[in-house]
Amino acid sequence: MGKDLLDDAPPAAPCQPAAAPGARDVARRHADALLNTFGQVKAALVGGEGSYLFDAAGKRYLDLLGGIAVSCLGHGHPALVEAISAQAASMIHTSNFFATPAQVELAEELLRLSLPPEARATSRVFLSNSGTEANEAALKLALRHGGQARPRLVALQGAFHGRSTGALSLTHKEAYRAPFEPFAREVTFVAPDDAEELARELGRGDVAAVFAEPIQGERGVVALSHDYLRAARRLCSEHGALLVVDEVQTGSYRTGAFLAHHAAGITPDVITLAKSLGGGVPIGATIAVGEPVCSLLGPGSHGSTFGGNPLAAAAALAVLGTVQREGLAARIGELSRRWSRDLAALSGVAQVRAYGLLIAVELEQGADGPSSADVAAALMEAGFIVNAVTPTALRLAPPYTLSDAEADSFTRALRRILTTQTKNSALPAAGNEVGAAGGTSSTEEKR
């Protein structure tokens, strides 16, 4: 990788699909018809193929955000299209009064991939439609576990667990929380990686559960240490609290492992999944580990009209099967290590935090250095979709099928943009630490 940094054009992509009539007017119609909760849209997209998306004006974009860590097989992957088409031709929805083969097979596969053999037989899965719904189910488990004696919950500073009111109470960002406070439950936010503070809060004896993401995406792709996760597991067990691990953004092979917390060697009490699990089809999953946790929710205590529907379950099975058949888990780690080293070597990049294909590019902040929003806008103009996750960092969460050539085209474009936007500033040329999927770090010569 990085063999030729002079040409920053993306490699040849499939032909643009024909735009539907009126597609060029979609952005204006969007503003007139949809509630303005996301601000002005960046483009009106009409199609996609592989790692690319196409807008109504005929421009193509290399999708390095993947619908925010969702489109893990890219766009139009044959295995996903075939699974969805076949299931849609047979049965899309039934209700949870009935069992369906895809629903049961998916639950069995999630238990197999998520848990050690000794925990599978006594654990169960609840299927829903999104990450926030998966966390709402986890929250119900926590509240039933705590009862009146343990009314308090603990979450981490920098956490993001969703926007529905229960999940939002566990989300740390004040801008998200403030308009909807007060919440119905008490949540204490503790510093990430501070096991002593966590021990003090749990030692008060009134905590029902601790919620934690192994890698905090909204904080800028910052991972908890394995030692902290192990300490959290030990402390929750000692003090009778549930440990809930939110793998919504990090799970389903996003980091190369099926679940990011597997590297720490722990077994949580509850695990939540969504995003990449369906490859773009809405789905969420909550895994209750062990009979005592599973028994907290019985008939009538929770439900979902659409959760576990045959279409979504078939899509998720296609995603998991494709990753396994095509060896994409190993590919994720290989690409992450190579790509993060190339990105870290660019002038204007202070650090790369890479955990499989969940990556943050931290920009150097000189007196005239560009903001991440400025760089993301320039990249969008150049045909690359990324996210300015913090004022100083870009987030990448591309498809697992991203090619070396596609990754290299982004590296070249970022180099050009950083050179252009920082040409009047004296930025330091220090080496960069690279936290890749295997936990490696390196110092690279700046290019």
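Since we're looking at a predicted model, the values are computed, not measured.

(A) Inspection of the nonpolar core at higher detail. Of all hydrophobic cores here, the largest spans 65 residues; its most connected members are Leu110, Trp339, Leu379, Phe410 and Leu414. No other element matches the nine residues that helix 12 (residues 310-325) contributes to this core. Apart from residues lying up to four places away in sequence, Phe410 is in contact with Leu64, Trp339, Leu343, Leu379, Phe384, Val386 and Leu396.

(B) Up close: helix 13 (residues 328-344). In a regular helix each residue adds 1.5 Å, so 17 residues correspond to 24 Å; helix 13 covers 23 Å between its end C-alpha atoms and thus fits that length. Considered for burial, the residues of helix 13 that qualify are Leu328, Arg331, Ile332, Gly333, Leu335, Ser336, Trp339, Ser340, Asp342, Leu343 and Ala344.

(C) Local environment of helix 14 (residues 372-382). Turning to helix 14, its buried residues number three or more, namely Ser372, Val375, Ala376, Leu379 and Met380. With its buried residues spanning 140 degrees around the axis, helix 14 presents them on a single face. Where helix 14 is buried, its residues meet strand 3 (60-63), strand 14 (358-363), strand 15 (384-385), strand 16 (387-390), strand 17 (393-396) and helix 15 (404-421). In the segment just after helix 14, Gly383 is the residue with positive phi, at about 100 degrees.

(D) Expanded view of empty space enclosed by the protein. Counting across every chain of the model gives one cavity of 30 Å³ or more. Empty space within the largest cavity amounts to approximately 50 Å³. What lines the largest cavity is His93, Thr94, Ser95, Asn96, Phe98, Thr100, Gln103, Thr305, Gly307, Gly308, Asn309 and Pro310. Along the lines of polarity and charge, the residues of the lining of the largest cavity split into two nonpolar, ten polar and no charged.

(E) Here's a closer look at the pattern of salt bridges. Following the criterion strictly, the structure yields 16 salt bridges and no others. The residue Asp32 makes a salt bridge to Arg28 at a minimum N-O spacing of 3.0 Å. Taken together, the residues Asp32 and Arg28, both in helix 1 (residues 26-33) and four residues apart, mark about one turn of the helix. On the basis of relative accessible area, Asp32 is assigned to the exposed category, the value being 58%. Relative accessible area serves as the criterion here: at 47%, Arg28 is assigned to the partly exposed category. Its salt-bridge partner being Arg331, residue Asp404 comes within 2.9 Å of it at the nearest N-O pair. Residue Asp404 is found in helix 15, and its partner Arg331 is found in helix 13; the two are separated by 73 residues along the sequence.

(F) The arrangement of the sheet that holds strand 3 in detail. Across the sheet, four strands lie side by side as 1-2-3-15; this open sheet has mixed pairing. Pairing within the sheet leaves two strands with one partner each, and these edge strands are strand 1 (45-49) and strand 15. One ladder, built from four bridges, connects strand 1 with strand 2 (residues 52-55); its direction is antiparallel. Directly across from Leu45, in strand 2, lies its bridge partner Asp55.

Conventions and cut-offs
- Residues numbered from 1 in each chain as written.
- Predicted model: local features only at pLDDT ≥ 70, side-chain atom pairs only at ≥ 80, totals over all residues.
- Heavy atoms only, no water.
- Core = buried A, V, L, I, M, F, W, Y, C linked by side-chain atoms within 4.5 Å.
- Buried < 20%, exposed > 50% of the residue type's maximum accessible area, 1.4 Å probe, protein only.
- Helix = DSSP H or I, 4+ residues; strand = E, 2+ residues; numbered from the N terminus.
- Contact = heavy atoms within 4.5 Å.
- Expected span 1.5 Å × (residues − 1).
- Arc of directions from axis to C-beta.
- 1 Å grid on protein atoms, 1.4 Å probe; cavity = no way out; pocket = protein on both sides within 12 Å on 5 of 7 lines; lining within 4 Å.
- Points joined across faces, edges and corners; volume = space filled by probe spheres on them.
- Nonpolar A, V, L, I, M, F, W, Y, C, P; charged D, E, K, R; others polar.
- Salt bridge = Lys/Arg side-chain N within 4 Å of Asp/Glu carboxyl O.
- Pairing = 2+ DSSP bridges.

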